[in-house]
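# An overview of the molecular structure
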Amino acid sequence: MTVESTAARTPRRSAGTKAGTTGTKRTTSTKKATGAGKSAEPALVQLLTPEGKRVKNAEFDKYVADITADDLRGLYRDMVLTRRFDAEATSLQRQGELGLWASLLGQEAAQIGSGRALRDDDYVFPTYREHGVAWCRGVDPTNLLGMFRGVNNGGWDPNGNNFHLYTIVIGSQALHATGYAMGVTKDGADSAVIAYFGDGASSQGDVAEAFTFSAVYNAPVVFFCQNNQWAISEPTEKQSRVPLYQRAQGFGFPGVRVDGNDVLANLAVTKWALERARAGEGPTLVEAFTYRMGAHTTSDDPTRYRGDEERLAWEAKDPILRLRRYLESANHADEGFFAELETESEALGKRVREAVRAMPDPDHFAIFENVYADGHALVDEERAQFAAYQESFADTDGGK
């Protein structure tokens, strides 16, 4: 497979980078055009076919050349446990235990592959759906649920795992990542930054501004776009007239489209992009071409805007089934491994369920704290009004 280049012929380099270095060689897709007046199908980096067959790729094989059978089983375990946690969270929301949930069903390979490509000192800026990346960064799954239950505003220390709090505002984390990456450069560190967002967010002005700043300042940031085909109810073709990864061309840095359901390809491409960033070669846009098999969130009904046949076609490309087929055909895993993982998966679901139901209610007055460093008369007035409102529910015996 080849990768269609969107890189400027003379990429920007940071001071000290060897002149004339071109990095990874880029080639142009030669696939047949889809029709008169239409551009050729974009190249797709793929290392595992939907049938679980390993295919060679001259450009990206080296980034997974040292992967072992243990590593492959680890990637499979990551995806299975992430999916199990996600399914439990969806069930908890349906049972009234969570206010909302954004499922990652179908996007496990994109998140686990890219997440496992990161070094400990790299920094992640997620959206609200990166449960698999959070898993890779060591964030306990139960900590992800506090915000969706309404008991906290995040639930983990971002600096403890170099994993920022979930971002609800669409696309704003791309700017945060760019600013942080510019700071990394000023600090003289060789770590990289990655920002996750969806196909819908790619149309936001914040993302375009992040592209501009990162290119001009040669920031060590990877923009990882999970194109799951639907921005809530809007298909990708209503978001862009060109494949999303080609948007990078207008800003002067490379873009690449990867099979988002191929965990090996996502691992390899993200490693390549992160190495570019650390080497002072600037930003990269990775478009993980995948599919959201569930609803946008639990408040969404996808049957109103897409057909069953589309989902069935993508289910045949399921990322977990794909890797399992490869593990079985290569004799890298036996039935004992899969049975043990199933037991671990159910134990995780039980732990998550019990942890959520045991979460204490938040302090009703916490919302008034830390609004101003030195306090504020208006906040004091509102706190008093709220206290009076709470007291109005007291019964005649003084109980609450």
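To start, this report covers the structure provided alongside it.

Before going further, it helps to examine the pattern of salt bridges. Taken as a whole and judged by the stated rule, the model has 25 salt bridges. In this structure, Asp61 and Arg54 form a salt bridge, with 3.0 Å as the shortest nitrogen-oxygen distance. Take Asp61: its relative accessible area is 17%, and that puts it in the buried class. A salt bridge links Asp122 to Arg278, with the nearest nitrogen and oxygen atoms 2.6 Å apart. Note that Asp122 is positioned in the loop between helix 2 (108-115) and strand 1 (123-125) and Arg278 in helix 8 (residues 263-278), a separation of 156 residues in sequence. Each of Arg84, Glu88, Glu346 and Arg353 takes part in a single network of salt bridges with overlapping partners.

Relative to the elements of secondary structure, Ala355 occurs in helix 11 (residues 335-357). Taking the C-alpha atoms as reference points, Ala355 and Pro141, separated by 214 residues in sequence, lie 9.9 Å from one another.

What follows concerns the packing of helix 1 (residues 69-94) against helix 10 (residues 319-329). Running from N to C, helix 1 and helix 10 point in directions that differ by 150°, and their axes come no closer than 10 Å. Between helix 1 and helix 10, the angle falls in the class roughly antiparallel. Every pair of crossing elements has a handedness; the one defined by helix 1 and helix 10 is left-handed. Here Leu72, Arg73, Leu75, Tyr76, Met79, Val80 and Arg83 of helix 1 come into contact with helix 10, specifically with Pro319, Ile320, Leu323, Arg324, Tyr326 and Leu327. In the contact of helix 1 with helix 10, the residues fall into 10 nonpolar, no polar and three charged.

What counts as what
- Each chain has its residues counted from 1, running along the sequence as written.
- Local features are withheld for residues below a pLDDT of 70 in this predicted model, meaning they are given only at 70 or higher, and side-chain atom pairs are given and counted only at 80 or more; totals for whole chains, interfaces and linings count all residues.
- Side-chain metrics rest on all non-hydrogen atoms present in the structure, leaving aside hydrogens and water.
- Salt bridges are counted wherever a side-chain nitrogen of Lys or Arg sits within 4 Å of a carboxyl oxygen of Asp or Glu.
- A 1.4 Å probe rolled over the protein chains alone gives each residue an accessible area, and that area as a share of the maximum for its type sets the label: buried under 20%, exposed over 50%, partly exposed in between.
- Runs of H or I in DSSP of at least four residues are treated as helices and runs of E of at least two as strands, each being numbered from the N terminus.
- Here the axes come from fitting lines to C-alpha atoms, over the contacting stretch only for helices, and the angles between their N-to-C directions go from 0 to 180 degrees.
- Note on terminology: angles under 35 degrees are roughly parallel, angles over 145 are roughly antiparallel, angles of 65 to 115 are roughly perpendicular, and the others are oblique.
- The handedness criterion is simple: a crossing whose near helix is rotated anticlockwise from the far helix by less than a right angle is left-handed, and one whose near helix is rotated clockwise is right-handed.
- Residue contacts follow a heavy-atom distance rule, with two residues in contact if any of their heavy atoms lie within 4.5 Å.
- Classes in brief: Ala, Val, Leu, Ile, Met, Phe, Trp, Tyr, Cys and Pro nonpolar; Asp, Glu, Lys and Arg charged; the others, Gly included, polar.

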